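Structural overview
Spelled out, the chains give:
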Amino acid sequence: MALHPPQNADKFIFAPANDKTHSQADQYTKGALSLDQLDPKSPFTQFHTWFTTAQQNGVHQPETVCLSTASLPSGRVSARMVYLKELDAKGFVIYSNFGTSKKAKDIENNKWASLTFWWREMERQVRVEGQVERMSSEESQVYYDTRIRGSRIGAWASKQSQVLKGREELEGWVKDVEERFEGQEKIPIPEFWGGLRIKPEVVEFWQGRESRLHDRFQYTKLESGEWKIDRLSP
């Protein structure tokens, strides 16, 4: 049932739902989540279970995740979509430029970051909060070697987040790097590029439900290293 349009005509968007405006949000009906469905000891094991389920059930690029960082002392938050590339017993790993990127400048003074996964096809979210650490060049080289040559060249060439005079300037940098490594299949990892591991203190698993009364469970890391699980109100 359509809602009445807003009285304030200055609003560009009001109550959007898919291709409609002045409408009501879709209801989430694909699942439910209870405590007995969660791994009792480890959010890493639980995430791996959900991630594998997402891969097997047609979720488009389940590795896509929003990485948020904040600058200090201003507290200004910035966010961007990246790919999860590894999960290990320490945390969640993404790869990036650490020389010029906005995220690199943020984490110089503020080691806290968050990740948010959204798997629309399953009406699920996972939210991660924790401190970050750089991975060693040796660790990062292992993943770097799996990238296509163009992406390895691009990691060297791009001065991420810097202002460009035009596309031609970027293409010129790429050409310079291609000439530098011409005929060389084994390309070393740039010293300013590599893995960033988010070591979680909090991991939340969210399952959409009808009437916005979602199921939410949060793992919180204790000083002992064990994890406590709480159900949260939606």
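This one's a predicted model, so the numbers in the text were calculated from it and none came from an experiment. Within each chain, residues carry numbers counting from 1 in the order of the written sequence. Reporting in this predicted model follows two pLDDT cut-offs: at least 70 for local features of residues, and 80 or more for side-chain atom pairs to be given and counted; totals over whole chains, interfaces and linings ignore these cut-offs and use all residues. The side-chain figures draw on all heavy atoms in the structure; neither hydrogens nor water molecules are used.

Right, let's talk about the overall build of the protein for a bit. Helices and strands together make up the secondary structure of the protein, namely five helices and nine strands. In terms of principal-axis extent, the alpha carbons of the protein reach across some 60 × 55 × 40 Å. We call two residues contacting when some pair of their heavy atoms lies within 4.5 Å. Put simply, of all contacts in the protein between residues at least 6 apart along the chain, 62% involve residues at least 24 apart. Total accessible area computed for the protein in this model is approximately 14,100 Å², and 50% of it derives from carbon and sulfur atoms. For this count, His and the chain ends are skipped, Lys and Arg are scored as positive, and Asp and Glu as negative. Note that the charge is assigned to NZ on lysines, CZ on arginines, CG on aspartates and CD on glutamates. For the protein, the separation between the mean place of its 33 positive charges and that of its 33 negative charges on side chains is 2 Å. To qualify as a helix, a DSSP run of H or I must reach at least 4 residues; to qualify as a strand, a run of E must reach at least 2; elements of each kind are numbered from the N terminus. All accessibility values rest on the Shrake-Rupley procedure with a 1.4 Å probe; residue burial counts only the protein chains present in the view.

UniProt positions are given in the numbering used here, feature names are shortened, and annotations may be inferred rather than shown by experiment. Per the UniProt entry, the sites bearing "domain: Pyridoxamine 5'-phosphate oxidase N-terminal" (unreviewed entry) are residues 53–178 in this numbering. Structurally, residues 53–178 is divided into 33% helix and 33% strand, and its ends, taken at the C-alpha atoms, are 40 Å apart.

Here we take up the pattern of salt bridges. Here a salt bridge means any side-chain nitrogen of Lys or Arg lying within 4 Å of a carboxyl oxygen belonging to Asp or Glu. Inspection of the entire model under this criterion finds 16 salt bridges. With its nearest N and O atoms 2.5 Å apart, the salt bridge here joins K186 to D145. Highlighted residues: K186 in the loop between α5 (167–180) and β7 (193–207) and D145 in the loop between α3 (137–144) and α4 (149–157), separated in sequence by 41 residues. Per-residue accessibility, obtained with a 1.4 Å probe over protein chains only, is compared with the maximum for each type, and a residue is labelled buried under 20%, exposed over 50%, and partly exposed between these values. Take K186: its relative accessible area is 53%, and that puts it in the exposed class. Where E185 meets R152, a salt bridge forms, and the shortest distance between an N and an O atom there is 3.0 Å. Taken together, the residues E185 in the loop between α5 and β7 and R152 in helix α4 connect sequence positions 33 residues apart. Look at E185 and you get exposed, because its relative accessible area is 55%. Using a relative accessible area of 5% as the deciding quantity, one classes R152 as buried.

For the rest of this paragraph, the subject is the packing of aromatic side chains. Two aromatic rings, drawn from Phe, Tyr or Trp (for Trp, its six-membered ring), form a pair once their centres lie within 6.5 Å of each other, and the interplanar angle then sorts them: stacked below 30 degrees, edge-to-face above 60, tilted otherwise. Per the counting criterion, the structure on display carries 20 aromatic pairs. Measuring from ring centre to ring centre gives 6.1 Å for W118 and W206, while their planes differ by 70°; the resulting arrangement is edge-to-face. Here the residue W118 occupies a position in strand β5 (residues 112–119), and W206 occupies one in strand β7, the gap between them amounting to 88 residues. The exposure class of W118 is partly exposed, given its relative accessible area of 38%. According to the relative accessible area criterion, W206 is buried, its value standing at 9%. For the pair F205 and Y219, a centre-to-centre distance of 5.6 Å together with 70° between the ring planes defines the contact as edge-to-face. Of this pair, F205 sits in strand β7 while Y219 sits in strand β8 (residues 215–221), and the two are 14 residues apart along the sequence. As far as burial versus exposure is concerned, F205 and Y219 are alike and both buried. Following the ring pairs from residue to residue traces out a cluster consisting of F44, F47, F51, F92, F117, W119 and W227.

A few words on the UniProt feature "domain: Pyridoxine 5'-phosphate oxidase dimerisation C-terminal" (unreviewed entry) in the protein. Within this numbering scheme, the UniProt entry marks residues 193–234 as carrying the feature "domain: Pyridoxine 5'-phosphate oxidase dimerisation C-terminal" (unreviewed entry). For residues 193–234, the helix share is 0%, the strand share is 67%, and the end-to-end C-alpha distance is 39 Å.

In terms of burial, β8 is largely enclosed, as five of its seven residues are buried. Whether two strands pair comes down to DSSP finding at least two bridges between them. Taken together, the six bridges between β8 and strand β9 (residues 227–232) define a ladder with antiparallel strand orientation. Each residue of the ladder has a partner; that of Y219, found in β9, is I229. Hairpin remark: β8 followed by β9, antiparallel, with five residues in the connecting loop; positive phi at G225, about 95°.

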